[in-house]
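Tertiary structure, described
Given next are the chains, with one letter for each unit.
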Amino acid sequence: MALPAHRPVLDYLHRHQERYLDELREFLRIPSISALSAHQADVRRAAEWLGARLARAGIHDVRVDETQGHPVVFAQSSFTAERPTLLVYGHYDVQPVDPLDQWVSPPFEPTVRDSILYARGASDDKGQLFMHLMALEAWLSTGVLPVNLKFLFEGEEEIGSPHLGQYIREHQAELAADVALISDTPMMGEELPSICYALRGLATMEIRVSGPSQDLHSGVYGGTVMNPAQALAHLIDTLYDASGRIAVPGFYDQVDPLSDREQSELSQLPFDSEAYKAQLGVPELAGEPGYTPLERLWARPTLDVNGLWSGFTGEGQKTIIPATAHAKLSCRLVPHQDPERILDLLEAHLQHHCPPGVQLHVTHRSGSPASVTSLDHPAVKAAESAIELVYQRPAVHIRMGGSIPVVSDFQETLSVPTVLLGFALPDECFHAPNEHFHLANFYRGAQTVAIFWEKLGATHA
Ligand code: BES
Ligand code: MN
Ligand code: MN
C-alpha cells in the first residue's frame, strides 16, 4: 500500500503496525459485554486495560471513574492555550455474542483471515477506539501534540449510555472542548472514506398485554375471553397503514422534509438495491413509500418490533389461551423528534386501540435524540484533508441510520459538535456473528486520525 510517509508520525505508525495489532488482540480478548451482569468484572477489566494503555502512551492525566454502572475512562493531555481542544470518544463495551455456533472462530479469540481481523468488538468499537491510542502514542513519541486532547471512553454505549449523560453534566468543565471526534461508524463502502454528519436517535419501549390471571385451557374457556396474543397482534397491526407508513397520529409532525440539496446529494451516492437485497437475503425491500432506501435509512424515522413473545412455543402443542403477551418496540428518530414525546404518542395510540377484555401495560425504556453536524465546521474541513492525504481520494459525506447517544449530550450539555470519522465497512457484522474489521482500514484509520489532529491544530493558528 502506498504510504504518504513524509511525516515522522506516519512513519512511526507504520513501523509499529505489528505490535499495535497484538495489543488490539489483547484488548479484544476481554469479553466486555455490558448487557450481561455475568461479565461485569470483564467490563471493568477492559476499562482498566485502557487506562493502563493510555498511561503507557505517555498522556499525563488518566483516571478510571466510577458511575452507577460501568466505569468511564478519562484522560487528558497537558494543556496549551494556543491549540484547539479535541474530545475523543469511544466505547469499550461490546454486544453479546449469540448465536455462538455461527462464529467461524470464537468471538473472544481474535483471528486474522485474509487481512481481516475477526472478533466481537473488532470494528464496533474496540478496533476503532484503539486507532486513537495509536495516534496518541505516535504523536507523543515523534513530536509535539498538535491539539489538546481529552479522551472519554465509556462501557455502556451498547445498552444506551444510561449513566453517561449524568457523568457529562458532572464533569462539564473538565470536558470542555472545541470539537469532538468519534470513530464508531461505517464508511459508505470499500475505498469510500466518509464523514458522517448525522445520526438517527432512538426511543424504545416494552409492552405487556395481560388477560386472564393464568393460562387457560382453550377448550374449556375458548370463545369467552379476549386472547392477549391476538390483542397484541392487533395492536401491532394498528401501528402501520397498508402502505407501510407509520399510523401513530403525530409521529411525523416534527420531521423535516428533505431539502432539495440533500435529496440530490443522497441520490448521487452509490446504492445498489439488487446487491443490498442479495446481501440481506430478502426478495423485496419494504418501508415508507415515496422515499429511496438511503432516504429511509438515514433521514426518515422508523418504528420496529424488536421482539414478540406469548404463550406456548416449545415442542409439540399445548392448547391454551395465554395469560400475557409481550413486545419490545423501538423507533429510530430524525432531527427535531423528541424521544419522550414520541413514546407518549405511541403509548396513547396503543391505549386507544387496546381491545376490551385485556389490559395494556407500557414501560418507556431509553431515549436519545438524533444529531447533525454542520458540514461547514472547520473540523470537517480538517477531516476532509486528512482523508485525502491518506486515502488519496476525496471524502464522501454521509448520514447514518444508527445511534450514538453521547453525540446529542455533547451538543446539548457541552455545546460541542461532533465529527464522525469511522473506518468500518457497512457489512462488517456489527452486533452479529463474525464481526470483523479490515486491517487496511485499521491502519489507514489511525493515520487519518493522526493527520486530522495535525490539520485541526493548524485551523487554530
Ligand atoms: N456503533 C454503533 C452505532 C452505529 C452503527 C452508527 C451503524 C451508525 C451506523 C453503536 O455501537 C450502536 O450499536 N448503537 C446502538 C445504540 C443503542 C444501543 C442506544 C444502536 O444504534 O442501536
Ligand atoms: Mn459502536
Ligand atoms: Mn454497537
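Okay, so let's go over this structure. Predicted model, so just to flag it, every value in this text is computed and none were measured. (Residues numbered from 1 in each chain as written. Chains lettered and ligands numbered in written order. Predicted model: local features only at pLDDT ≥ 70, side-chain atom pairs only at ≥ 80, totals over all residues. Heavy atoms only, no water.)

Now for the overall build of the chain. Within the chain, the regular secondary structure consists of 14 helices and 18 strands. For a compact globule of 461 residues, the expected C-alpha radius of gyration is about 23 Å, and the chain comes in at 24 Å, within 12% of that figure. Along the first, second and third principal axes, the C-alpha atoms of the chain reach 80 × 50 × 45 Å. Sequence-distant contacts in the chain: of pairs separated by 6 or more residues, those separated by 24 or more amount to 79%. Of the accessible surface of the chain, which amounts to about 19,900 Å², a share of 50% is contributed by carbon and sulfur atoms. Each charge sign in the chain was given a centre, from 33 positive and 58 negative side chains, and these centres are 3 Å apart. (Helix = DSSP H or I, 4+ residues; strand = E, 2+ residues; numbered from the N terminus. Rg over C-alpha atoms; globule rule 2.2 N^0.38 Å. Contact = heavy atoms within 4.5 Å. Areas by Shrake-Rupley, 256 points an atom, 1.4 Å probe, with all protein chains shown as cover. Lys, Arg positive; Asp, Glu negative; His and termini not counted. Charge placed at Lys NZ, Arg CZ, Asp CG, Glu CD.)

What follows is about the coordination of the manganese ion (ligand 3). Protein-derived ligands of the manganese ion (ligand 3) are Asp124 (OD), Glu158 (OE), Glu158 (OE) and His431 (NE2), with the metal-ligand distances lying across 2.1 to 2.5 Å. Geometry at the manganese ion (ligand 3) is irregular, judged from its six donor atoms and the angles of 56 to 155° they form at the metal. Along the chain, the residues donating to the manganese ion (ligand 3) fall in the pattern D-x33-E-x272-H. For the pair the manganese ion (ligand 3) and the manganese ion (ligand 2), the metal-to-metal distance amounts to 3.5 Å, and Asp124 bridges them. With Asp124 in the loop between strand E5 (116-118) and helix H4 (126-142) and Glu158 in the loop between strand E6 (148-154) and helix H5 (164-170), the pair connects residues that are 34 residues apart, well separated along the chain. Considered together, Asp124 and Glu158 belong to a single accessibility category, that of buried residues. (Donors = N, O, S within 2.8 Å, 3.2 Å for Na, K, Ca; no water. Tetrahedral: all angles 85-135°; square planar, octahedral: opposite > 155°, others 65-115°. Buried < 20%, exposed > 50% of the residue type's maximum accessible area, 1.4 Å probe, protein only.)

Moving on to the sheet that holds strand E13 (residues 324-333). Neighbouring strands of a sheet are bound in pairs by backbone hydrogen bonds; such pairs are parallel or else antiparallel. Reading across from one edge, E11-E13-E9-E14 is the order of the four strands in this open sheet, with antiparallel pairing throughout. Because the sheet does not close on itself, it has two edges, and the strands there are strand E11 (302-310) and strand E14 (359-368). The mean inter-strand angle of the sheet, taken between neighbouring strand axes irrespective of direction, is 15°. Against the sheet, helix H11 (residues 339-353) engages strand E9 (201-210), E11, E13 and E14, with an angle of about 165° to E14. (Pairing = 2+ DSSP bridges. Axes fitted to C-alpha atoms, helices over the stretch in contact; angles between N-to-C directions.)

Moving on, we come to the site of ligand 1. Taken together, 17 residues surround ligand 1, and among them Glu157, Asp184, Arg332, Ser403 and His431 come closest. One nitrogen or oxygen atom from the side chain of Glu158 is found 3.2 Å from an oxygen atom belonging to ligand 1. Contact distances for ligand 1 include 2.8 Å between an oxygen atom and a side-chain N or O atom of Arg332. Summarising the interface, the protein chains cover 87% of the accessible area of ligand 1, which totals 520 Å² for the free molecule. Per-class residue counts for the shell around ligand 1 are six nonpolar, six polar and five charged. (Near = heavy atom within 4 Å. Polar contact = N/O pair within 3.5 Å; in protein donor to acceptor, adjacent residues only side chain to side chain. Nonpolar A, V, L, I, M, F, W, Y, C, P; charged D, E, K, R; others polar.)

Before going further, it helps to spend a moment on the sheet that holds strand E18 (residues 436-438). As summarised here, the arrangement of the three strands in space is E4-E5-E18, forming an open sheet in which the pairing is antiparallel. Looking at which strands have only one partner, the edges of the open sheet turn out to be strand E4 (111-113) and E18. Ignoring strand direction, the axes of neighbouring strands in this sheet form an average angle of 25°. Pairing geometry for E5 and E18, over three bridges, is antiparallel. Residue Leu117 lies in a different strand from E18, and its bridge partner there is Phe437. Most of the contacts of helix H2 (residues 17-28) go to E5, to which it runs at about 20°, and overall it touches E4 and E5. Most of the contacts of helix H14 (residues 439-460) go to E18, to which it runs at about 65°, and overall it touches E4, E5 and E18.

Below, the discussion takes up the coordination of the manganese ion (ligand 2). Those donors, His91 (NE2), Asp124 (OD), Asp184 (OD) and Asp184 (OD), are the protein atoms that reach the manganese ion (ligand 2), and they lie 2.0 to 2.4 Å from it. Of note is the manganese ion (ligand 2), whose six donor atoms meet at the metal with angles of 57 to 164° in an arrangement that counts as irregular. Expressed as a motif, the donor residue spacing for the manganese ion (ligand 2) is H-x32-D-x59-D.

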